Amino acid sequence: MNCSVLQQLLEETAPYAATVVAVSKTKPSTAIEALYAEGQRDFGENYVQELSEKAALLPGDIRWHFIGHLQRNKVKYIAPFVQLIHAVDSLSLLEEINKQALKHNRVIDVLLQMHVAREETKFGMELTELLQVADTVRAQVDLFSGIRICGVMGMASFVEDEGQIRKEMQEIRSGFDELKARFPEWKEHCTICSMGMSSDYKIALEEGSTLIRIGSMLFGKRV
Ligand SMILES: *Cc1c(COP(=O)(O)O)cnc(C)c1O
């Protein structure tokens, strides 16, 4: 763990005014505490149980981002404290998040996950479906008072071809722009385009990311 890496990364992202989420999945709490001591407050996890255990142990002012694929039956465990759920890929998941948020008297911020990578394994919605889900929320604002749609999240393919990565990120960014244009009434909070990881965050920043999710670069390789 090298703390100066964080400072370097923050300097690099400052011109873009992008948020850095430190992806701490599989890493021990001590590693999180070290970055916390450096001032880092946004951390990302993608397993519900691991996140719950860490959140219970670590300082209460950490903003926990759930960045992985979320199962409906697990929403209840993170609903009391999660800051932002990045990878919402269905209306039914959104309904469950809304239900659990209302139960805890909260409004939970979410991003809609957009599918762009050519790999079959990646989750997310095509833009048409994503916009339909947003339409449904708008059509029933009173029902969905427990959630706020804050933007879009996406992942580019894991490939060497920088051109392909760039093209996919442009697709994510234009999906985000379309969402904003179609829902001007959400402009106060619909401000997040979450894309970019250790391997491709530079391209992501150039293509209009407002939030990058950085794991291995900050914490070292996961085994
Ligand atoms: C693990 C993970 C990251 C971070 O990946 P690194 O390559 O370690 O930076 C970002 N986003 C998601 C959704 C992840 O699961």
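The structure this text deals with has already been given above.
All values derive from a computational prediction rather than experimental measurement. (Residues numbered from 1 in each chain as written. Predicted model: local features only at pLDDT ≥ 70, side-chain atom pairs only at ≥ 80, totals over all residues. Heavy atoms only, no water.)

What to know about the layout of surface pockets
Computed from the structure, the largest pocket encloses a volume of approximately 590 Å³. In terms of residue class, the lining of the largest pocket is built from ten nonpolar, nine polar and four charged. Along the walls of the second largest pocket sit 16 residues, with Thr19, His65, Leu84, Ile192 and Leu211 positioned nearest its centre. Elements with a minimum of two residues in the lining of the second largest pocket: strand E3 (63–66) and strand E6 (147–154). Split into classes, the residues belonging to the lining of the second largest pocket amount to five nonpolar, six polar and five charged. (1 Å grid on protein atoms, 1.4 Å probe; cavity = no way out; pocket = protein on both sides within 12 Å on 5 of 7 lines; lining within 4 Å. Points joined across faces, edges and corners; volume = space filled by probe spheres on them. Nonpolar A, V, L, I, M, F, W, Y, C, P; charged D, E, K, R; others polar. Helix = DSSP H or I, 4+ residues; strand = E, 2+ residues; numbered from the N terminus.)

Quick word on the packing of aromatic side chains
Following the criterion strictly, the structure yields two aromatic pairs and no others. Both rings, one in phenylalanine 43 and one in tryptophan 64, keep their centres 6.1 Å apart while their planes meet at 45°; by these two values the pair is tilted. Highlighted residues: phenylalanine 43 in strand E2 (residues 42–45) and tryptophan 64 in strand E3, separated in sequence by 21 residues. Using a relative accessible area of 0% as the deciding quantity, one classes phenylalanine 43 as buried. Looking at tryptophan 64, the relative accessible area reads 3%, which means it is buried. Geometrically, the ring pair formed by phenylalanine 183 and tryptophan 186 is stacked, given 4.4 Å between the ring centres and 10° between the ring planes. Take phenylalanine 183 and tryptophan 186: they sit in the same class, and that class is buried. When the ring centre of tyrosine 36 is taken as origin, the NZ or CZ atom of arginine 41, which lies over that ring, is 3.6 Å away. (Phe/Tyr/Trp six-rings, centres within 6.5 Å; stacked < 30°, edge-to-face > 60°. Buried < 20%, exposed > 50% of the residue type's maximum accessible area, 1.4 Å probe, protein only. Lys NZ or Arg CZ within 6 Å of the ring centre and 35° of its normal.)

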